[in-house]
Amino acid sequence: MSTQVQKMFNQIAGKYDKANTILSFGIHHAWKKKFVKRVNPQPGEKILDCATGTGDIAFLIEKTSQKKANVVGVDFSEKMLAVAKQRAAQLKSNVEFMGADIESLPFDDNSFDKVTISFGIRNVRNLTKSLNEILRVLKPGGKLFILEFGQPQNETFAKVYNFYSNFILPQIGGMITGEKDAYIYLNKTSLSFPSGNHFIDLMQKNTTFRSCKLESLSLGISYIYTLQK
Ligand SMILES: C[S@@+](CC[C@H](N)C(=O)[O-])C[C@H]1O[C@@H](n2cnc3c(N)ncnc32)[C@H](O)[C@@H]1O
């Protein structure tokens, strides 16, 4: 089934990486590196990167493990995946990229040691269903790592950040990709998505992960959540 989100990512796929780097002043690269450090991929581990997009996290995991972890990336946007596959060829990467919806993953129960999702969880249609599907494919004791936008806690910084996000980001995102509406939507979802302890509460109420911890990045602009099955 084609969704609005799927169409939107198909439309911006070709310019997605460039837009990310410009809009985040390159900071997203540092967040992603820290995220993969927390994932700490080990030789022989099977790791699934959900909502892999153009593959940033999947490639970083593979590189960090010195190609010794088995990495699979899934996404439901064929255009984002096409960019990921092109990059894989250039990087001589062994990451396996597949089209799949997080709400219905084409894998057996208990198949992965770790699952990652970076800047994807706020865009899923049904959050509880998606998280329970990830739980299903994780091995007992396996971990889910989530990187997602939050809202800065410091009031003064939040004002500056919200001004940038509401007024400047959609203009620049629109200029780079030709899809201003996509950046209005992406910004709206990042400002409204439950973050920090609100997200942890939601996890505890709606899923059976046995532990959840969080780490704030850049004064709460983003968070890393680590959940264990
Ligand atoms: C903002 S991009 C993030 C891409 C990449 N993980 C990164 O950090 O740059 C979000 C991605 O999530 C994908 N996505 C959203 N909902 C999805 C779902 N239900 N199933 C699979 N992919 C999904 C979109 O197609 C898009 O590629």
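Above this text you will find the structure in question.
The rules we used
- Residues numbered from 1 in each chain as written.
- Predicted model: local features only at pLDDT ≥ 70, side-chain atom pairs only at ≥ 80, totals over all residues.
- Heavy atoms only, no water.
- Helix = DSSP H or I, 4+ residues; strand = E, 2+ residues; numbered from the N terminus.
- Contact = heavy atoms within 4.5 Å.
- Buried < 20%, exposed > 50% of the residue type's maximum accessible area, 1.4 Å probe, protein only.
- Pairing = 2+ DSSP bridges.
- Salt bridge = Lys/Arg side-chain N within 4 Å of Asp/Glu carboxyl O.
- Disulfide = S-S within 2.5 Å.

Colleague: Explain the environment of Ala 13 to me, using residue names and the numbers behind them.
Modeller: With respect to the secondary-structure elements, Ala 13 resides in the loop between α1 (4–12) and α2 (16–23). As a C-alpha pair, Ala 13 and Leu 81 span 68 residues in sequence and 8.6 Å in three-dimensional space. Excluding its chain neighbours within four sequence positions, the residues that come into contact with Ala 13 are Thr 54, Lys 79, Met 80 and Val 83.

Colleague: Residue-level account of the pairing of strand β2 (residues 70–75), with values.
Modeller: The element β2 is extensively covered by neighbouring structure, given that 5 of its 6 residues are classed as buried. Where strand β1 (residues 46–50) lies against β2, 5 bridges are found, and the strand directions are parallel. When the sheet's bridge partners are listed, Ile 47 is paired in β2 with Val 71. Examined bridge by bridge, β2 and strand β3 (residues 96–99) share 4 bridges and lie parallel to one another.

Colleague: Kindly report on the pattern of salt bridges, identifying the contributing residues and their values.
Modeller: For the structure shown, the criterion picks out 13 salt bridges. A salt bridge links Asp 56 to Lys 32; its shortest N-O distance comes to 2.8 Å. Remark: Lys 32 occurs in helix α3 (residues 27–39) and Asp 56 occurs in helix α4 (residues 56–64); sequence separation between them is 24 residues. The burial state of Asp 56 is the same as that of Lys 32; both residues are buried.

Colleague: So what's going on with the environment of Ile 172? Residues and values would help.
Modeller: Following the sequence through the fold, Ile 172 ends up in helix α7 (residues 155–177). Its relative accessible area of 24% is what places Ile 172 among the partly exposed residues. Separated by 21 residues in the primary sequence, Ile 172 and Phe 193 place their C-alpha atoms 22 Å from one another. The residues touching Ile 172, leaving out its near neighbours within four places in the chain, are Ile 22 and Leu 23.

Colleague: Break down the state of the cysteines for me, with residues and values.
Modeller: Counted according to the given criterion, the structure contains 0 disulfides. Here Cys 50 stays unpaired: no disulfide links it, and the sulfur of Cys 212, its closest cysteine neighbor, is 17 Å away.

Colleague: Would you mind going over the pairing of strand β7 (residues 222–228) in detail, with residue names and values included?
Modeller: With 7 of 7 residues buried, β7 lies mostly within the body of the structure. Judged by which residues are buried, β7 turns out to be covered on both faces: Ser 222, Ile 224, Thr 226 and Gln 228 on one side and Tyr 223, Tyr 225 and Leu 227 on the other are all buried. Where strand β5 (residues 138–149) meets β7, 7 bridges bridge the pair, whose relative direction is antiparallel. Of the residues in β7, the one forming a bridge with Leu 147 is Ile 224. Relative to β7, strand β6 (residues 211–217) is paired through 7 bridges, and the arrangement is antiparallel. Pairing of Ser 216 across the sheet is with Tyr 223, part of β7.

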